Amino acid sequence: MDLRSDTVTLPTPAMYERMRTAALGDDGLDGDPTVRQLEDEAARMLGKEAGLFVPTATMGNLIAVLSHTSRQGQVAMEASSHMYMSERAGSTFGGIAYVGIPGVAGAMDLGALEEALQRPGTLRTELVCMETSHANAGGAVLPLDHMQAVWSAAQAAGAHVHLDGARLFNAAVALGVPPDAIARYTDSTVICLSKGLSAPAGSVIVGSTATIQGAKKLRKMLGGTQRQIGVVAAAGLVALQTQVARLAQDHAQARRLSDGLRRIDPQFRVNIPATNILIAELPDTAPDSSAWVRALAQGGLLVRPNGARRLRMVTHRHLGAQAIDLALERFQRLVPVLLGKA
């Protein structure tokens, strides 16, 4: 049972069939018809003018940053966001500074953001980035009124807004709104197809026609042009058309797992997940997270450390209620031993 990430999902039979029969072309020359169809579908769903298929969301986020900022510009984002914690080395390619804004549950402190936007005598903040659902905040979902407030503050300061929406569809399902209700508070958004949506690879940047035209040039500079890549885009199309609504099942399994873990031992502190990500805080008296990862792996359960005293677990299409219950049985046997109660 693999709870390390929803990136371990495999393509559906319908995806394999669509890949087998996809119309193909050279996406670096005349364009790939299946890629164009995917880009149009993503843009339509998110209420934007155009889209661009890229290999990864990390590349997509970097392209968006380079599209919206000038050299020696500044990009503001929540301090525990994936872009700040794991992707900011990419800013060195453009001579751009990333600044982390303190936040709660992935939502930036609006006062601190205003200060970053208005502070005189420093680098000008040209772009503000948000993330929803927020991976490092246990899959937290940004409230729409918070996103609107960030959008308004950025607009007032003449800055653009980009969304790392790798799991945007999880956020939309959790909020019960269409995806474009989230993307409306952005100039550009990146979505990932290879997480809960189960496609094997790929992401899409969406935005205005002018933004995407510039992004396409940057994609080529970064080596992101792919040739007959419609064979992969075909799976992404099926993902968008068939896998969004079923994300609610992943959220339900995450809550089932969270409820069960909290019943095992009150010292085992687990968030009540809004989407499909759980963060378990380990007691101070327990072994560190690496010991838990090793012990669980010996029982056939794969999880990831999230710092020295936290475990991260992510539910996905391959884990139904029976698998979650089996995972809880493994935890039930292990927790007393690691907590010294056996």
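Residues numbered from 1 in each chain as written. Predicted model: local features only at pLDDT ≥ 70, side-chain atom pairs only at ≥ 80, totals over all residues. Heavy atoms only, no water.

Looking at an unreviewed UniProt entry, one finds the chain named Threonine aldolase and attributed to Pseudorhodoferax aquiterrae. The Subunit (unreviewed entry) comment attached to the chain in UniProt states, word for word, "Homotetramer." In the Sequence similarities (unreviewed entry) part of its UniProt record, the chain is described as follows: "Belongs to the threonine aldolase family." (UniProt positions renumbered as here; feature names shortened; annotations may be inferred.)

What follows concerns the packing of aromatic side chains. A complete count under the given rule lists 0 aromatic pairs for this structure. The ring of Y84 is capped by R88, whose NZ or CZ atom sits 4.2 Å from the centre of that ring. (Phe/Tyr/Trp six-rings, centres within 6.5 Å; stacked < 30°, edge-to-face > 60°. Lys NZ or Arg CZ within 6 Å of the ring centre and 35° of its normal.)

Burial of nonpolar side chains together is a common tendency in soluble globular proteins. Ranked by size, the top nonpolar core spans 55 residues in total, and within it F53, F169, I191, L193 and L240 carry the most contacts. Counting residues per element, this core draws most heavily on helix 10 (residues 230-242), which supplies 8 residues. In terms of nonpolar packing, the next biggest core, distinct from the first, is built from 28 residues, L296, A323, A327 and L328 among them. (Core = buried A, V, L, I, M, F, W, Y, C linked by side-chain atoms within 4.5 Å. Buried < 20%, exposed > 50% of the residue type's maximum accessible area, 1.4 Å probe, protein only. Helix = DSSP H or I, 4+ residues; strand = E, 2+ residues; numbered from the N terminus.)

Moving on, we get to the pattern of salt bridges. Per the stated rule, a full pass over the model turns up 12 salt bridges. With a shortest N-O distance of 2.7 Å, R167 and D6 are connected by a salt bridge. Here R167, found in the loop between strand 7 (160-165) and helix 7 (168-175), pairs with D6, found in the segment before helix 1 (13-21); they are 161 residues apart in sequence, far enough to count as distant. Take R167 and D6: they sit in the same class, and that class is buried. A salt bridge links D259 to R262, with the nearest nitrogen and oxygen atoms 2.6 Å apart. Here the residue D259 and the residue R262 both occupy positions in helix 11 (residues 247-264), the gap between them amounting to 3 residues, near one helical turn. Among the residues examined, D259 registers a relative accessible area of 34% and is labelled partly exposed. Given the relative accessible area of 31%, R262 is considered partly exposed. (Salt bridge = Lys/Arg side-chain N within 4 Å of Asp/Glu carboxyl O.)

Attention shifts here to the sheet that holds strand 10 (residues 269-270). Pairing is antiparallel in the open sheet, where 4 strands are placed in the order 10-11-13-12. Every interior strand has two partners, whereas the edge strands, strand 10 and strand 12 (304-305), have only one. In this structure, strand 10 lies alongside strand 11 (residues 277-281), joined through 2 bridges in antiparallel fashion. Following the sheet pairing, V270 is matched in strand 11 by A280. Of the strands in this sheet, strand 12 and strand 13 (310-314) touch helix 12 (residues 289-298), which is tilted by about 45° from strand 13. (Pairing = 2+ DSSP bridges. Contact = heavy atoms within 4.5 Å. Axes fitted to C-alpha atoms, helices over the stretch in contact; angles between N-to-C directions.)

Strand order in the open sheet made by the 7 strands is 1-9-8-7-6-2-3, with mixed pairing throughout. Each edge of the open sheet is held by one strand with a lone partner, namely strand 1 (50-54) and strand 3 (97-101). Sheet twist, expressed as the average angle between the axes of neighbouring strands with direction ignored, equals 20°. Strands strand 2 (74-78), strand 3 and strand 6 (125-131) of the sheet are contacted by helix 5 (residues 110-118), whose axis makes an angle of about 155° with strand 6.

This part covers the packing of helix 2 (residues 33-45) against helix 10. It is the contact of helix 2 with helix 10, at a shortest axis distance of 8 Å, that shows an interaxial angle of 30°. Put simply, helix 2 runs roughly parallel to helix 10. Helix-helix and strand crossings are classified by hand; for helix 2 and helix 10 the assignment is left-handed. Contacts between helix 2 and helix 10 involve T34, V35, Q37, L38, E41, A42 and M45 on the former and, on the latter, G230, A233, A234, G236, L237, L240 and Q241. Residue composition of the contact of helix 2 with helix 10, grouped by class: 8 nonpolar, 5 polar and 1 charged. (Parallel < 35°, antiparallel > 145°, perpendicular 65-115°, else oblique. Left-handed = near helix turned anticlockwise from the far one by under 90°. Nonpolar A, V, L, I, M, F, W, Y, C, P; charged D, E, K, R; others polar.)

Glancing now at unusual backbone geometry. Geometrically, the link from T132 to S133 is a cis peptide bond, its omega value of -10° lying close to zero. Residue position: S133 is located in the loop between strand 6 and helix 6 (144-156). The backbone of Q72 shows a phi angle near 70°, a positive value even though the residue is not glycine.

Attention shifts here to helix 5. The α-helix winds at 3.6 residues per turn, so residues separated by three or four positions along the chain end up facing the same way. Residues of helix 5 that are buried: A112, L113, A116 and L117. When helix 5 is viewed along its axis, its buried side chains cluster within an angular range of 140° and face the same direction. The inward-facing, buried residues of helix 5 contact strand 2, strand 3, strand 5 (107-108), strand 6 and helix 6. Of the residues flanking the start of helix 5, the one acting as N-cap is D109, its side-chain oxygen 3.0 Å from the backbone nitrogen of G111. (Arc of directions from axis to C-beta. Polar contact = N/O pair within 3.5 Å; in protein donor to acceptor, adjacent residues only side chain to side chain.)

Before going further, it helps to examine helix 10. The end-to-end C-alpha distance of helix 10 is 18 Å, a good match for the 18 Å that 13 residues give at a rise of 1.5 Å each. Across the 13 residues of helix 10, 10 count as buried, placing the element largely inside the fold. Along its buried surface, helix 10 packs onto helix 1, helix 2, strand 1, helix 7 and strand 8 (188-192). (Expected span 1.5 Å × (residues − 1).)

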